[in-house]
Amino acid sequence: SWVQDCADDIPDVYIVERLFSSSLVVVVSHAKPRQMNVYHFKKGTEICNYSYSGNILSIRLNRQRLLVCLEESIYIHNIKDMKLLKTILDIPANPTGLCALSINHSNSYVAYPGSLTTGEIALYDGHSLKAVCTIAAHEGTLAAIAFNSSGSRLASASEKGTVIRVFSVPDGQKLYEFRRGVKRYVTISSLAFSMDSQFLCASSNTETVHIFRLEHLANSRPEEPSTWTGYVGKMFLAASNYLPTQVSDMMNQDRAFATGRLGFSGHRNICTLATIQKLPRLLVASSSGHLYVYNLDPQDGGDCVLIKTHSLLGSGTSEENKENDLRPPLPQSYAATVARPSASAASTVPGYSEDGGALRGEVIPEHEFATGPVCLDDENEFPP
């Protein structure tokens, strides 16, 4: 409802980004395509706004950094006080604003196209503000890139859309290669890892959403393969270093583990994998104005069963598959449903985190439109 009110005040909004479940929302409109407006939506106040030298094509944010992507430059802000930290200038022309930012503020890596003619990925450290490496990901130009939740993996697809590759971060080594299809070129519009990085989904302008399973081979220590398949996989990878490229590529390719079938094609779709009520789900949002929710069998894969269809533009009604209906919503937050136990130590990187930062009342400096210092979060908001 707040976004609708905002749309009434600011016509032709085309970018809305929210910092997890906090109150920070970033809005860009066609009326002022060079201006980024940052709001505290619960208070209905504007925190600040910034203007840039060109039209804003995309915005990405985590608890540490806010990225503003223009066609030939990327601006990096410190999200705690919105100060501009770095401007990456003279990047190859990027008319779609393709870029990715790790949601893990401990690994604030940035990825964007490094070439106008090939599928080169430029990897940048948004924390230290230094270039990391260049990844020769595809022969053709890039269509989609995405980090996993920890910022340790990067998935990519080219404009051909036939092969999806996954690389390790920050060294840029190829870990997986998945064959989406060879019969036709497609436009892949989104890539998304599951929160546990076990699965990767890809949507396109076709009627099929593909889900690939990332086996644990890449997570096993090279000197100690954890399973027999891991050992064989390690041997294949070792052998691929000495085999012709075509043979090596065939070893690394794999088919989809599961698929979600849409009743249409030709629309731009965005997909994601989420845990809802402790069960894995595939969610697909279409430019037609609908959200589709599917069951995902994490053991056997196969065809995902459509559970619900939500209308995003109308009265908010939804159609349900009664035979596979969701159980009544449990009284728990979104964050609680996606929380994963972590063995890693608490981050020492400054920024918003569960045990500090925004939850302890980090303050954005006053702005002339704000009624006072704006705290982004309260005790009831808990970003995943």
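Residues numbered from 1 in each chain as written. Predicted model: local features only at pLDDT ≥ 70, side-chain atom pairs only at ≥ 80, totals over all residues. Heavy atoms only, no water.

Labelled according to an unreviewed UniProt entry, the chain appears under the name WD repeat domain phosphoinositide-interacting protein 2, originating from Muntiacus muntjak. On record in UniProt, under Sequence similarities (unreviewed entry), the comment for the chain is "Belongs to the WD repeat PROPPIN family." The Subcellular location (unreviewed entry) comment attached to the chain in UniProt states, word for word, "Preautophagosomal structure membrane". (UniProt positions renumbered as here; feature names shortened; annotations may be inferred.)

### Some points on the pairing of strand 16 (residues 174-179)
Both faces of the sheet carry side chains from a regular strand, because those side chains alternate between them. When strand 15 (residues 163-168) meets strand 16, the two strands line up antiparallel, connected through five bridges. Counted as the bridge partner of Arg-165 is Glu-177 from strand 16. Counted between consecutive antiparallel strands, the loop separating strand 15 from strand 16 contains five residues, among which Gly-172 sits at a positive phi close to 75 degrees. (Pairing = 2+ DSSP bridges. Helix = DSSP H or I, 4+ residues; strand = E, 2+ residues; numbered from the N terminus.)

### Describing the sheet that holds strand 1 (residues 13-18)
Taken in spatial order, the four strands line up as 1-2-3-4 in an open sheet, and their pairing is antiparallel. Here the strands that pair on one side only, and so sit at the sheet edges, are strand 1 and strand 4 (45-51). Adjacent strand axes in the sheet meet at a mean angle of 20 degrees when their direction is disregarded. (Axes fitted to C-alpha atoms, helices over the stretch in contact; angles between N-to-C directions.)

### A word on the side chain of Asn-269
Structurally, the position occupied by Asn-269 is in strand 21 (residues 269-276). Sequence-distant contacts of Asn-269, that is, excluding residues within four places in its chain, are made with Ser-189, Ser-190, Ser-203, Ser-204, Thr-206, Leu-262, Phe-264, Val-284, Ala-285 and Ser-286. (Contact = heavy atoms within 4.5 Å.)

### Some points on the environment of Cys-99
Take Cys-99: it is sitting in the loop between strand 8 (83-89) and strand 9 (100-101). When neighbours within four sequence positions are excluded, Cys-99 is seen to be in contact with Ser-58, Arg-60, Cys-69, Ala-111, Tyr-112 and Ile-145.

### Structural notes on the environment of Ser-156
The residue Ser-156 is located in strand 14 (residues 153-158) in this model. A C-alpha to C-alpha distance of 9.9 Å links Ser-156 and Ala-202, two positions 46 residues apart in sequence. Dropping the residues within four chain positions of it, Ser-156 is found in contact with Ile-121, Ala-137, His-138, Leu-142, Ala-144, Ile-145, Val-163, Ile-164, Arg-165, Phe-167 and Leu-191. At a separation of 2.8 Å, a polar atom in the side chain of Ser-156 contacts the side chain of His-138. (Polar contact = N/O pair within 3.5 Å; in protein donor to acceptor, adjacent residues only side chain to side chain.)

### Describing the side chain of Ser-102
One can find Ser-102 in the loop between strand 9 and strand 10 (109-113). Looking at Ser-102, the relative accessible area reads 0%, which means it is buried. Within the local environment of Ser-102, its side chain forms a polar contact with the backbone nitrogen of Asn-104, the two atoms lying 3.1 Å apart. Leaving out residues up to four positions away in the same chain, Ser-102 has contacts with Asn-62, Asn-107, Tyr-109, Phe-147, Asn-148, Ser-150 and Gly-151. (Buried < 20%, exposed > 50% of the residue type's maximum accessible area, 1.4 Å probe, protein only.)

### Some words on the pattern of salt bridges
Taken as a whole and assessed by the stated rule, the structure comprises four salt bridges. Taking the shortest distance from any N to any O, the salt bridge between Glu-17 and Arg-60 comes out at 3.8 Å. With a gap of 43 residues between them, Glu-17 in strand 1 and Arg-60 in strand 5 (residues 58-61) connect regions that are remote in the sequence. You can call Arg-60 partly exposed: its relative accessible area is 28%. The partner of Arg-261 in a salt bridge is Asp-303, with the nearest N and O atoms 3.9 Å apart. With Arg-261 in strand 20 (residues 258-261) and Asp-303 in strand 24 (residues 302-303), this residue pair connects regions lying 42 residues apart in the sequence. Within the structure, one salt-bridge network assembled from shared partners comprises Arg-165, Lys-174 and Glu-177. (Salt bridge = Lys/Arg side-chain N within 4 Å of Asp/Glu carboxyl O.)

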